[in-house]
Amino acid sequence: MKVAMYSTKPYDRRSFEAANGAGHDLVFLEPRLTIDTAVLAQGAAAVCPFVNDDLSAPVLEALAAGGTRLVALRCAGFNNVDLKAAARLGIAVARVPAYSPHAVAEFTIGLLLSLVRGIHRAYQRTRDGNFALDGLLGFDLHGRTVGVIGTGKIGALVARSLALGFGCRVLAQDLFPDPALAAIGVTYTDLPTIMAAADILTLHCPLTPETRHLVRAETLALAKPGLVLVNTSRGGLIDAEAAIEALKAGRLGGLAIDVYEQEADLFFEDLSNEILSDDVFARLLTFPNVLVTGHQAFFTREALGAIAAITLGNCTKFAAGEALGAAAVTEAAVVAPKPAAAG
């Protein structure tokens, strides 16, 4: 089957070519999928987009007109897909429900430790010959209260690591509480209770209409002063402008994000010689207690291999007329989202 792959980088080519035992005709395209680039998929039965590609109704209509019958997402999140339009056009949508939850969970802990201990700032200082400790005072994670929003595969690993590995008190919220987490002392409760009690808040839920701007002015007003916020899930979970105001007021004591709501024109590209046009993002980068990475949490050899294998497996099943199983995404998924975190 011919598969048009959008937003590809050299590492995508390597991982997908290595996993292509079924012999699909893979067409690697560097541009993002938009209404203007949909024509590049002409004649491809499947398209393989990534997290920031546009799969709105007009784009899906253009793809359908060119013969596309399958959207094979190489990620877990599907908030960028108009599922109603896909169903109307007869386009199947598949995703990678889980690839390497350990990759994102471990990166989350890494971001948290770097932020609260100033590791990233210390690295820059020592390279300049500055070995002073002023401004690098951190705090122990042990004994702190951590809120975990979303306890699917990734969130559960983070909650378990913090509870058992660091000795944190963990409060959690999820539509589907995990009995195994409750058994190790994780307490499920509501968001207001978590915001009032948590020293640290980490987000691991999918982006849906209900969770968009989950962290906003109203919820931040409930937070304990100095709250540290970590997001490795979806940028749209945080109202960035509200976060800036909370940072200025000291309501947020630190922010570590691997995702950003308007990241599509920023992440995965080298913009070091350009002036950032996103004023909100540029403002975030000025805060010493803000740590930003460019949607890197998923980026391990194990995760890339699993993503390629599962995505191409979805293509093989579709080409053979087989059911897509757990990888299939339907409109019902938006109404009652599963607890698996996006990635």
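The coordinates are above.
Description of the structure in this document.

1. A look at the pairing of strand E7 (residues 169-173)
Each regular strand displays side chains that alternate between the two surfaces of the sheet.
Here's step 1: Examined bridge by bridge, strand E6 (residues 145-149) and E7 share five bridges and lie parallel to one another. Counterpart to Val148 in the pairing with E7 is Ala172.
Here's step 2: Between the parallel elements E6 and E7, the chain passes through helix H6 (residues 153-165) in a crossover that is right-handed.
Here's step 3: When E7 meets strand E8 (residues 187-188), the two strands line up parallel, connected through two bridges. Among the inter-strand pairings, Leu171 is bridged to a residue of E8, identified as Thr187.

2. Here we look at the packing of aromatic side chains
Here's step 1: Inspection of every chain in the model, using the stated rule, returns six aromatic pairs.
Here's step 2: On the numbers, 4.9 Å between centres and 50° between planes, the contact of Tyr260 with Phe281 is tilted. You can see Tyr260 sitting in the loop between strand E11 (252-257) and helix H11 (279-284) and its partner Phe281 sitting in helix H11, a full 21 residues away along the chain.
Here's step 3: Look at Tyr260 and you get buried, because its relative accessible area is 5%.
Here's step 4: Among the residues examined, Phe281 registers a relative accessible area of 6% and is labelled buried.
Here's step 5: Look at Phe267 and Phe281: their rings are 6.0 Å apart centre to centre, the planes differ by 65°, and that puts the pair in the edge-to-face class. With a gap of 14 residues between them, Phe267 in the loop between E11 and H11 and Phe281 in helix H11 connect regions that are remote in the sequence.

3. Quick notes on the pattern of salt bridges
Here's step 1: Overall, the coordinates contain 10 salt bridges when judged by the stated rule.
Here's step 2: Overlapping salt bridges bring together Arg144, Asp199 and Lys224 as one network.

4. Quick word on the pairing of strand E1 (residues 2-5)
Here's step 1: As judged from the four bridges shared by E1 and strand E2 (residues 25-28), these two strands associate in the parallel manner. Considered in E2, the bridge of Val3 is made with Leu26.
Here's step 2: Since E1 and E2 lie parallel, the crossover through helix H1 (residues 10-19) that links them has a hand, and here it is right-handed.
Here's step 3: As defined by bridge partners, E1 adjoins strand E3 (residues 46-48) across three bridges and the pair is classed as parallel. Across the sheet, the residue bridging to Ala4 is Val47, located in E3.

5. Some remarks on the sheet that holds E7
Here's step 1: The seven strands lie next to each other as E8-E7-E6-E9-E10-E11-E12, forming an open sheet whose pairing is parallel. Whereas interior strands pair on both sides, the edge strands pair on one side only; in this sheet they are E8 and strand E12 (290-292).

6. Here's the deal with the environment of Gly110
Here's step 1: Relative to the elements of secondary structure, Gly110 occurs in helix H4 (residues 101-117).
Here's step 2: With relative accessibility at 36%, the residue Gly110 sits in the partly exposed group.
Here's step 3: Between the alpha carbons of Gly110 and Phe268 there is a distance of 20 Å; along the sequence they are 158 residues apart.

7. Brief notes about the sheet that holds E3
Here's step 1: Pairing within the open sheet is parallel, and its five strands lie in the order E2-E1-E3-E4-E5. Here the strands that pair on one side only, and so sit at the sheet edges, are E2 and strand E5 (92-94). Geometrically, the sheet is characterised by an average inter-axis angle of 20° between neighbouring strands, direction not taken into account.
Here's step 2: In the sheet, E3 pairs with strand E4 (residues 70-72) via two bridges, with the strands oriented parallel. Paired with Ala46 across the bridge in E4 is Leu70.
Here's step 3: Packed on one face of the sheet, H1 meets E1, E2 and E3 and runs near 175° to E2.

8. Some details on helix H12 (residues 301-319)
Here's step 1: With 19 residues, H12 should cover 27 Å at 1.5 Å per step; its first-to-last C-alpha distance of 27 Å lies within 8% of that length.
Here's step 2: All of the buried residues along H12 are Ala303, Leu304, Ala306, Ile307, Ala308, Thr311, Leu312, Asn314, Cys315 and Phe318.
Here's step 3: Phi turns positive one or two residues past the end of H12, at Gly321, with a value near 75°.

9. Quick notes on the nonpolar core
Generally speaking, a soluble globular protein has its nonpolar side chains buried in company with each other.
Here's step 1: Residues Phe16, Leu63, Tyr99 and Leu162 are the most contacted members of the largest nonpolar core, which totals 79 residues.
Here's step 2: Element by element, the count of residues in this core is highest for H4, at nine residues.
Here's step 3: Formed by 34 residues, the second largest nonpolar core is a distinct cluster that contains Ile149, Ala197, Leu220 and Leu266.

10. Comments concerning H4
Here's step 1: Helix length check: H4, at 17 residues, gives a terminal C-alpha distance of 24 Å against a target of 24 Å (1.5 Å per residue), a fit within 8%.
Here's step 2: Counting buried positions over the 17 residues of H4 gives 12, a clear majority of the element.
Here's step 3: Every buried residue of H4 is listed here: Pro101, Ala103, Val104, Ala105, Phe107, Thr108, Ile109, Leu111, Leu112, Ser114, Leu115 and Val116.
Here's step 4: With its phi angle positive at about 65°, Gly118 sits one or two positions after the end of H4.

Criteria and cut-off values
Residues numbered from 1 in each chain as written. Predicted model: local features only at pLDDT ≥ 70, side-chain atom pairs only at ≥ 80, totals over all residues. Heavy atoms only, no water. Pairing = 2+ DSSP bridges. Helix = DSSP H or I, 4+ residues; strand = E, 2+ residues; numbered from the N terminus. Right-handed = clockwise from strand over helix to strand, strands pointing away. Phe/Tyr/Trp six-rings, centres within 6.5 Å; stacked < 30°, edge-to-face > 60°. Buried < 20%, exposed > 50% of the residue type's maximum accessible area, 1.4 Å probe, protein only. Salt bridge = Lys/Arg side-chain N within 4 Å of Asp/Glu carboxyl O. Axes fitted to C-alpha atoms, helices over the stretch in contact; angles between N-to-C directions. Contact = heavy atoms within 4.5 Å. Expected span 1.5 Å × (residues − 1). Core = buried A, V, L, I, M, F, W, Y, C linked by side-chain atoms within 4.5 Å.

Honestly, that's just the spatial picture; any functional story needs more than this.
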